[in-house]
Number of protein chains: 2
Amino acid sequence: MASKTMEKAKEILRQQRYYDSVQGLMGWDLWEGLSAKGQPYRSEVSGFFTRQALDQLKAPETAKIVAELEEMGDGDFEDLYQRGMAKELCRRYAMATRAPADLQVELRNYTGKAQLAWRDALEANSFEQYKPWIAGLFELKKRMAEAIDPNKPAFDVLCDTVDQGIDTAEAARLFAGLKAGVVEILNQIRDRHAAIDVSVLDTEYTHQQRRDMAFEINMLTGFDDKCAHDSQVLHGMCTGVGPRDCRIAISYKGCWGGVFTMLHEGGHARYGYNSNDQAVENGLWGGLGGAMHEGQARFYENIIGKSPEFWGLAYPVVQKYFPHLKNVPMEKFYMALMQVKPSLHRITADELTYSLHPIIRFEMEKDWFDGKTKTDDFEEIWRAKYQETFGLTPKDAREGALQDIHWASGHVGYFQSYTLGNLYGGQLLHAIKKTLPDFDGLIAKGEFAPINQWLYDNVHQYGRAMTPKEVLEKATGEVLTEQYFLDYLREKYLVKLK
Amino acid sequence: MASKTMEKAKEILRQQRYYDSVQGLMGWDLWEGLSAKGQPYRSEVSGFFTRQALDQLKAPETAKIVAELEEMGDGDFEDLYQRGMAKELCRRYAMATRAPADLQVELRNYTGKAQLAWRDALEANSFEQYKPWIAGLFELKKRMAEAIDPNKPAFDVLCDTVDQGIDTAEAARLFAGLKAGVVEILNQIRDRHAAIDVSVLDTEYTHQQRRDMAFEINMLTGFDDKCAHDSQVLHGMCTGVGPRDCRIAISYKGCWGGVFTMLHEGGHARYGYNSNDQAVENGLWGGLGGAMHEGQARFYENIIGKSPEFWGLAYPVVQKYFPHLKNVPMEKFYMALMQVKPSLHRITADELTYSLHPIIRFEMEKDWFDGKTKTDDFEEIWRAKYQETFGLTPKDAREGALQDIHWASGHVGYFQSYTLGNLYGGQLLHAIKKTLPDFDGLIAKGEFAPINQWLYDNVHQYGRAMTPKEVLEKATGEVLTEQYFLDYLREKYLVKLK
């Protein structure tokens, strides 16, 4: 009886993931192939499949199975995958039955159009042009949150859809501790870093040259390109289309930034394609959304990808693609790349100050949901926040509130993930070093297998079988803290790069 | 009552097209984005949606509606779009209810894998490696044909799924007349063309350079690139993903061939995106499959794209991308491009001898279905046919039976479309010239609007609302004949290029 319920539940979840896959493919295709005039019909198609997936969840058969699953305790499940599958299905059922289908379709169609509107507003450098879209989007997300759980603050509900089980008050506390620590480091190194000569980074390049270099550098880390397709579009991204099928894109901008975007999206892809067979079988492939995913991305981008040891391997590749750097010492180039310099742009921010950027968005979102602000004022609020945090003011919309695609794509309640992801990364690093004390040495030798294996064993393979909290505590033996990431930053900026 | 039936029928067909769209997108993505290890799961996803679409067709509600539609006569329909919608739904219903779902899923999955096997066999230059795939494919297609209509010869059934209403015996008669005419022209010009100096075509090029040139030349014809995305993959193709959303690809091979592939696939795309709003509304977008589609593609590729008038426009673009041609006269370059020379390769064949290549495949397929041959012997049969038709023998599998992707992608009973498409093109040209006697002059002046409009008015806009025979006879006032195409070839090779 229980086994028959489980089989049915598994089948439903697997089919739900098929719907995810076509939506993922259509989402990626928005950037990679969809024609300008193809958009309205695409919304119809996407809306149709959104409804089909919801209809399946809302069918009486699913309700019956979910009711049975909800009666079960942990002891009733064969293994953690079965338990994860059951919980994932119950979670989806709750979302589907609480949020009206019309609203879900409306939101999906809206984000499809809003992303293109964002692109146009960015081209026009006009926040004014973006205003109606962002206003509509925040309202839609609020209505969605209220439908999902009218008894919790809407912002908490949205953050929970991204970072399952998140406590936003706890996140705010972690952020306060992190910010204080970052500012303390920054004050000690600011002048020294301001003096770094970065002219060595200036170069001409072609898209192809930059892509090939970034690809080759990413491959150094033992990346499996048979599980991921890469391309170049307006905005770096990673989309999981299937259990062994990720699409990564680097943006067209910036030569060296492309390397770090590739490593970042490659980290997402790695977590995306590394679910084990049991996780795949149970419809739990692709990894946990939010901070855990960002944590993997930022681990490869920064903790590995911005280490001096890694640049011992990467720099010869750079020199191959840019022969004019043959006579530039690695240290000079690397220090230029590592320059810490408070800036206006999140994606290109240095590793130290990066964490403060998503905190600004997180605070802006929180204030809006608390009824303190209007989206029409976001450009001004943004300017004020940047002035307060970094002492810098954006000169236009492109430098300011238009720089991220996230709100247009419906990612409200998402930004905390980046900064939390950094904290996850620092905590995982601390744990890895217990098993692999010569972590830095392994990177220097290009021996990524044991590092990749540790992350696979402790995080990647489980897919969505456990909650983020469960995965973190199983992997590191501790609840989340900002201290390990701060330790890592202090070690890097105050000792290694001294 | 009738109106309610019509509304329901329309809704079902529209939804069937949504399924077509995701299958189209997944099909295109096979080449454009799918990771190597993503294939097995992709088969699951594609199979799931194949079944969903079939389930909808086989549902009792659909059966009831189809039964009502089948009772109706032409006078019961409001317009030709409603009639076309009803007929299209009945046709799909018949296919769905006759061909077992398992077989349809098996065929779809098989072709997904067989195309990659074809790619690998092509790389390995081994027909041996391809043998099991092609054998399995022909058997599957035969089973499918027998399921669809056990009372008709299997090959006729397959050809009818491509060229609706085709009479294969009539096609064979048209081909015999065409072949005789082509050989007669060939005999008159063979020696003269053998003497043409084609060394002017030799050049180095990059993929980007070639793509940009081909794109710009295609745009000369008034192509709407807001309805089509272009890329470069292993094999030229066009996939209609939505009513205003086509994907065209040129292959990586050959510099000047890329121009003609772009014009060819652009012709497909144009027919694909040009359905009028009523056709779209009724789920009839994208154009008629088979010969009518190939006819549009080959019209733009050849009748327009290989005319001396068009090269007056195209050659300056070529010279822009290849400045070393600045001092080469257009006539010299054009005549080199136009050289008629019997060859082993269909896609790169000259316009005159091209038609004979698909006829070889058509005959091979027909003989197999008549039980006269085995697919294991196709490499040998191919060699013998080329020897007989052109006096040439392929030196390896790449030059021979591995050159086309079609059988691997399930296109058995398709090749006749190319040659029939040429006949459609010739007949349409004859009809256009009654309205636009200065057809050649319009091209020379780059005035494509009236030509595009004529094709839109008489062919493109209707989508699938009528049968190919109905469209042709409405547009030209005559049944299909090979004579107009032969007239065109004679005029071109014996008069204009004399």
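Cut-off values and rules
- Residues numbered from 1 in each chain as written.
- Chains lettered and ligands numbered in written order.
- Predicted model: local features only at pLDDT ≥ 70, side-chain atom pairs only at ≥ 80, totals over all residues.
- Heavy atoms only, no water.
- Helix = DSSP H or I, 4+ residues; strand = E, 2+ residues; numbered from the N terminus.
- Rg over C-alpha atoms; globule rule 2.2 N^0.38 Å.
- Buried < 20%, exposed > 50% of the residue type's maximum accessible area, 1.4 Å probe, protein only.
- Contact = heavy atoms within 4.5 Å.
- Lys, Arg positive; Asp, Glu negative; His and termini not counted.
- Charge placed at Lys NZ, Arg CZ, Asp CG, Glu CD.
- Pairing = 2+ DSSP bridges.
- Axes fitted to C-alpha atoms, helices over the stretch in contact; angles between N-to-C directions.
- Least-squares fit on C-alpha atoms with pLDDT ≥ 70 in both.
- Core = buried A, V, L, I, M, F, W, Y, C linked by side-chain atoms within 4.5 Å.
- Phe/Tyr/Trp six-rings, centres within 6.5 Å; stacked < 30°, edge-to-face > 60°.
- Lys NZ or Arg CZ within 6 Å of the ring centre and 35° of its normal.
- Buried area = accessible area lost by both parts, 1.4 Å probe.
- Salt bridge = Lys/Arg side-chain N within 4 Å of Asp/Glu carboxyl O.
- Nonpolar A, V, L, I, M, F, W, Y, C, P; charged D, E, K, R; others polar.
- Expected span 1.5 Å × (residues − 1).
- Arc of directions from axis to C-beta.
- Parallel < 35°, antiparallel > 145°, perpendicular 65-115°, else oblique.
- pLDDT = per-residue confidence, 0-100.
- Polar contact = N/O pair within 3.5 Å; in protein donor to acceptor, adjacent residues only side chain to side chain.
- Left-handed = near helix turned anticlockwise from the far one by under 90°.

**Thoughts on the overall build of chain A**
Scanning chain A from terminus to terminus reveals 22 helices and 3 strands. Over its C-alpha atoms chain A spans a radius of gyration of 22 Å, differing by no more than 12% from the 23 Å that the globule rule assigns to 498 residues. Summarising its shape, the C-alpha atoms of chain A cover approximately 70 × 50 × 45 Å along the three principal directions. Counting only residues that meet the buried cut, chain A has 61% of its 498 residues in that class. Intrachain contacts of chain A at a sequence separation of at least 6 include 74% that bridge at least 24 residues. When the 59 positive and 71 negative side-chain charges of chain A are each reduced to one mean point, those points stand 2 Å apart.

**Points about the sheet that holds strand S2 (residues 237–242) of chain A**
Strands in a sheet are paired, the pairing made by backbone hydrogen bonds, and the direction either parallel or antiparallel. Residues and elements named next belong to chain A. Read from one edge to the other, the open sheet built from 3 strands follows the order S1-S3-S2, with strand pairing classed as mixed. The open sheet terminates on both sides in strands that have one partner only, identified here as strand S1 (228–233) and S2. Strand-to-strand twist of the sheet, defined as the mean angle between neighbouring strand axes without regard to direction, takes the value 20 degrees. Across 5 bridges, the pairing between S2 and strand S3 (residues 245–251) is antiparallel. Each residue of the ladder has a partner; that of Cys238, found in S3, is Ile248. Strand contacts of helix H9 (residues 207–219): S1 and S3, with the helix running at about 145 degrees to S1, the strand carrying the most contacts.

**Thoughts on the relation of the copies chain B and chain A**
One copy of the chain maps onto the second through a rotation around an axis plus a translation along that axis. Expressed as a screw transformation, the operator carrying chain B onto chain A has a rotation angle of 180 degrees and an axial translation of 0.0 Å, and the superposed copies differ by an RMSD of 0.0 Å. Viewed as a symmetry operation, the transformation between the two copies matches a two-fold axis. Every residue of chain B has its C-alpha some distance from the rotation axis, and the shortest such distance is that of Val22 of chain B, at 3.5 Å. Looking at the interface residues of chain B, 100% of them are also at the interface in chain A, so both copies use one shared face.

**Looking at the nonpolar core**
Ranked by size, the top nonpolar core spans 341 residues in total, and within it Trp311 and Phe333 of chain A together with Trp311 and Phe333 of chain B carry the most contacts. Apart from the residues lying within four places of it in its own chain, the contact partners of Phe333 of chain B are Val200, Leu201, Trp256, Trp311, Tyr315, Val318, Leu325 and Val328 of chain B.

**Some details on the packing of aromatic side chains**
Counted under the stated rule, the structure contains 71 aromatic pairs over all chains. Taken together, a centroid distance of 5.1 Å and an interplanar angle of 45 degrees make the contact between Phe48 of chain A and Tyr18 of chain B tilted. Of the two residues, Phe48 of chain A sits in helix H2 (residues 39–58) while Tyr18 of chain B sits in helix H1 (residues 2–32), which places them in two different chains. Seen from their ring centres, Phe299 of chain A and Tyr300 of chain A are 6.1 Å apart, and the 65 degrees between their planes marks the pair as edge-to-face. Exposure class is identical for Phe299 of chain A and Tyr300 of chain A. Each is buried. Directly above the ring of Trp285 of chain A sits Arg17 of chain A, whose terminal nitrogen or CZ lies 3.9 Å from the centroid. The ring of Tyr300 of chain B is capped by Arg270 of chain B, whose NZ or CZ atom sits 3.9 Å from the centre of that ring.

**A look at the interface of chain B and chain A**
Between chain B and chain A, the residue contacts involve 38 residues of the former and 38 residues of the latter. Roughly 3,000 Å² of surface becomes buried between chain B and chain A when both sides are summed, with 62% attributable to carbon and sulfur atoms. It is Tyr18, Lys37 and Tyr41 of chain B that lose the most area in chain B upon contact with chain A, and together they represent 22% of the buried surface on that side. Remark: the boundary between chain B and chain A carries 8 salt bridges. Salt-bridge contacts for Lys37 of chain B lead to Asp224 of chain A; the nearest nitrogen and oxygen are separated by 2.5 Å. Elements supplying a minimum of two residues to the side of chain B that touches chain A: H1, helix H2 (39–58), strand S1 (228–233), strand S2 (237–242) and strand S3 (245–251) of chain B. For the side of chain B that touches chain A, the element with the highest residue contribution is H1 of chain B, accounting for 12 residues. Its residues assigned to classes, the side of chain B that touches chain A comprises 18 nonpolar, 8 polar and 12 charged.

**So, the side chain of Thr239 of chain B**
Tracing the backbone through its elements, the reader meets Thr239 of chain B in strand S2. If near-sequence neighbours (up to four positions away) are discounted, Thr239 of chain B is found in contact with Gly24, Trp28, Asp245, Cys246 and Arg247 of chain B.

**A few points about the sheet that holds S2 of chain B**
All names here are of chain B. In space, the 3 strands of this open sheet follow the order S1-S3-S2, with mixed pairing throughout. Only two strands of the sheet have a single neighbouring strand rather than two, namely S1 and S2. The mean angle between the axes of side-by-side strands here comes to 20 degrees, regardless of whether they run parallel or antiparallel. Each of S1 and S3 touches helix H9 (residues 207–219); the most contacted strand, S1, lies at about 145 degrees to it.

**Comments concerning H2 of chain B**
Along its 20 residues, H2 of chain B runs 28 Å from first to last C-alpha, staying within 8% of the 28 Å computed at 1.5 Å per residue. The buried count for H2 of chain B comes to 15 of 20 residues, which makes it a mostly enclosed element.

**Notes on helix H20 (residues 449–458) of chain A**
Since the α-helix packs 3.6 residues into each turn, any two residues three or four apart lie on the same face. Residues and elements named next belong to chain A. Of all the positions in H20, only Ile451, Asn452, Trp454 and Leu455 are classed as buried. The arc that holds the buried residues of H20, viewed along the axis, is 155 degrees, so those residues lie on one side. On its buried face, H20 is in contact with helix H10 (257–273), helix H12 (291–304), helix H18 (416–435), helix H19 (439–444) and helix H21 (468–476).

**Quick word on the pairing of S3 of chain A**
All names here are of chain A. Counting buried positions over the 7 residues of S3 gives 7, a clear majority of the element. Burial along S3 is two-sided: the residues Asp245, Arg247, Ala249 and Ser251 and Cys246, Ile248 and Ile250 are all buried. Summarising the sheet, S1 and S3 pair through 6 bridges and their orientation is parallel. Across the sheet, the residue bridging to Ser231 is Ala249, located in S3. Here S2 folds back onto S3, and the loop between the two strands holds 2 residues.

**Some thoughts on the environment of Lys141 of chain A**
All names here are of chain A. Take Lys141: it is sitting in helix H6 (residues 127–148). Along the backbone, Lys141 and Ala172 are 31 residues apart, and their C-alpha atoms lie at a distance of 21 Å. Beyond its immediate chain neighbours, meaning those up to four positions away, Lys141 contacts Leu107, Leu158, Gly410 and Val412.

**Points about the packing of helix H13 (residues 308–321) of chain A against helix H14 (residues 330–337) of chain A**
Residues and elements named next belong to chain A. Their axes nearest at 10 Å, the elements H13 and H14 cross at an angle of 110 degrees. Regarding the angle of H13 to H14, the classification is roughly perpendicular. Residue-level contacts link Pro308, Trp311, Gly312, Tyr315 and Val318 of H13 to Met330, Phe333, Tyr334 and Leu337 of H14. Of the residues assigned to the contact of H13 with H14, the class counts are 8 nonpolar, 1 polar and no charged.

**What about unusual backbone geometry?**
In this structure, Asn125 of chain A takes a positive phi of about 55 degrees despite not being glycine. Within the fold, Asn125 of chain A resides in the loop between helix H5 (101–124) and H6.

**What about the confidence of the model for chain A?**
Chain-level pLDDT for chain A is 96 on average; 100% of the residues reach the 70-or-more range. Taken over the whole predicted complex, pTM reads 0.91, whereas the ipTM for its chain interfaces reads 0.90.

**Observations regarding the environment of Thr5 of chain B**
Residue and element names in this part refer to chain B. Within the element layout of this structure, Thr5 appears in helix H1. We classify Thr5 as buried; its relative accessible area is 4%. Considering only alpha carbons, one finds Thr5 and Glu68, 63 residues apart in sequence, at a separation of 7.6 Å. Excluding residues that lie within four positions of it along the chain, Thr5 makes contacts with Ile65, Glu68 and Leu69. Within the structure, Thr5 has its side chain in polar contact with the side chain of Glu68 (distance 2.4 Å).

**A few points about the packing of H9 of chain A against H13 of chain A**
Residues and elements named next belong to chain A. Between H9 and H13, the shortest axis-to-axis distance is 10 Å and the interhelical angle comes to 155 degrees. With respect to H13, the axis of H9 lies roughly antiparallel. Here H9 and H13 pass one another in a crossing that is right-handed. Within the contact between the two elements, H9 uses Gln209, Asp212, Met213, Glu216 and Ile217 and H13 uses Phe310, Ala314, Val317, Val318, Lys320 and Tyr321. Taken together, the residues of the contact of H9 with H13 break down into 7 nonpolar, 1 polar and 3 charged.

**Observations concerning the pattern of salt bridges**
A complete count under the given rule lists 82 salt bridges over all chains for this structure. Where Lys395 of chain A meets Glu399 of chain A, a salt bridge forms, and the shortest distance between an N and an O atom there is 3.0 Å. The partner of Asp74 of chain B in a salt bridge is Arg83 of chain B, and the shortest N-O contact between them spans 3.4 Å. Salt bridges linked by common partners bring Glu7, Lys10, Arg14 and Glu281 of chain A together with Glu44 of chain B together as one network.

**Describing the side chain of Glu365 of chain B**
Residues and elements named next belong to chain B. By the secondary structure assignment, Glu365 is in helix H16 (residues 356–369). No salt bridge is formed by the buried Glu365, whose closest oppositely charged neighbour, Arg361, lies at an N-O distance of 8.0 Å. If we ignore the near neighbours within four places in the chain, the residues touching Glu365 are Phe138, Phe155, Trp407, His411, Val412, Gly413, Tyr414 and Phe415.

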